[in-house]
Amino acid sequence: SRNYLYLKPYHRVYPFAIGYVSSNFRRKITLRYFAGVGASVQLLKKAKHVVKLSANAVYESTKFGDIVYNDARYNGDNRINLWRSTLYVGGWSYLMDRRIRMYYDAFGQIAWRDRHNYRTQADLGFDCPIWKGLSLNALFTYTHEQVVVQKIKPDDQLVTFGLSYTKRLKRKQ
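These lines cover the structure that appears in this document, whether it is placed above or below.

Considerations on the overall build of the protein
So, step 1. The number of helices and strands found in the protein is 0 helices and 9 strands.
So, step 2. Secondary structure elements of the protein, listed N to C terminal, follow the sequence β-β-β-β-β-β-β-β-β.
So, step 3. If one aligns the C-alpha atoms of the protein with their principal axes, the spans along those axes are about 60 × 35 × 25 Å.
So, step 4. Across the 173 residues that make up the protein, the buried fraction comes to 33%.
So, step 5. Across the protein, every contact between residues at least 6 apart in sequence was considered, and the portion connecting residues at least 24 apart equals 48%.

Let's talk about the sheet that holds strand 6 (residues 100-111)
So, step 1. Pairing is antiparallel across the open sheet formed by 9 strands, whose spatial order is 1-2-3-4-5-6-7-8-9. Of all strands in the sheet, those bounded by a partner on one side alone are strand 1 (2-6) and strand 9 (155-165). The sheet shows a mean angle of 20° between the axes of neighbouring strands, taken without regard to direction.
So, step 2. Relative to strand 8 (residues 134-145), strand 7 (residues 118-131) runs antiparallel, the two sharing 12 bridges. The residue of strand 8 that forms the bridge with Thr120 is His144.

Focus on the environment of Arg115
So, step 1. Note that Arg115 resides in the loop between strand 6 and strand 7.
So, step 2. For Arg115, a relative accessible area of 64% gives the class exposed.
So, step 3. Considered as a pair, Arg115 and Gln146 are 31 residues apart in the sequence and their alpha carbons are 10.0 Å apart.

Some remarks on the nonpolar core
So, step 1. By size, the foremost hydrophobic cluster in this structure holds 11 residues: Ile29, Phe64, Tyr69, Tyr74, Ile80, Leu82, Ala111, Val147, Val148, Val149 and Ile152.
So, step 2. In contact with Ala111, not counting residues within four places along its chain, are Leu82, Trp83, Arg84 and Asn117.
So, step 3. Membership of the second largest hydrophobic core comes to 5 residues, among which are Phe16, Tyr20, Phe34 and Val58.

A closer look at the packing of aromatic side chains
So, step 1. One pass over the structure, following the stated rule, counts 10 aromatic pairs.
So, step 2. Aromatic side chains Tyr4 and Tyr20 sit 5.9 Å apart centroid to centroid with 90° between the ring planes, which places their arrangement in the edge-to-face category. Of this pair, Tyr4 sits in strand 1 while Tyr20 is found in strand 2 (residues 13-24), placing the two residues 16 residues apart along the sequence.
So, step 3. Owing to a relative accessible area of 38%, Tyr4 belongs among the partly exposed residues under this scheme.
So, step 4. Where Phe64 meets Tyr69, the ring centres are 5.1 Å apart and the plane angle is 80°; that geometry is what we call edge-to-face.
So, step 5. Taken together through their ring pairs, the aromatic side chains of Tyr4, Tyr6, Tyr14, Phe16, Tyr20 and Phe34 make up a single cluster.
So, step 6. Residue placement shows Arg98 over the ring face of Tyr94; its charged tip is 4.1 Å from the ring centre.

Conventions and cut-offs
Residues numbered from 1 in each chain as written. Predicted model: local features only at pLDDT ≥ 70, side-chain atom pairs only at ≥ 80, totals over all residues. Heavy atoms only, no water. Helix = DSSP H or I, 4+ residues; strand = E, 2+ residues; numbered from the N terminus. Buried < 20%, exposed > 50% of the residue type's maximum accessible area, 1.4 Å probe, protein only. Contact = heavy atoms within 4.5 Å. Pairing = 2+ DSSP bridges. Axes fitted to C-alpha atoms, helices over the stretch in contact; angles between N-to-C directions. Core = buried A, V, L, I, M, F, W, Y, C linked by side-chain atoms within 4.5 Å. Phe/Tyr/Trp six-rings, centres within 6.5 Å; stacked < 30°, edge-to-face > 60°. Lys NZ or Arg CZ within 6 Å of the ring centre and 35° of its normal.

Now the structure itself:
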């Protein structure tokens, strides 16, 4: 679950609150949650192109399914609690006369007290309208997590495909 609360997101610079809850079977993450606050700046805001830069601070708690990690400083406890900073850049562009929307983002998160405990992620995706609100989606995601359970690979590359439906309501004039 990825949740954001924006305050006046139509402004060039605006604050936000963030809260995530997740798990990851392959990485033996039973439960991870983090929450915090940050700010975004819209570097480019045009009809066909948007680019944003964000930074935040979050408190994170991760419960793992093991107590032995690739970094021995964390061994002995199945929970890692820490503060992180995040730097994020992302945006979208409409291509082929607005028939395709390409979206992209990348972020890095680093622990405040341990610069060796960081993670990165980059996404590149496409939405292609098919018919009356129905779209085909494709997304490539690359992730790297520096601190993982022993014998777990720190990198993932994932390609997903799907369908989405958006119901557009007519505005009253």
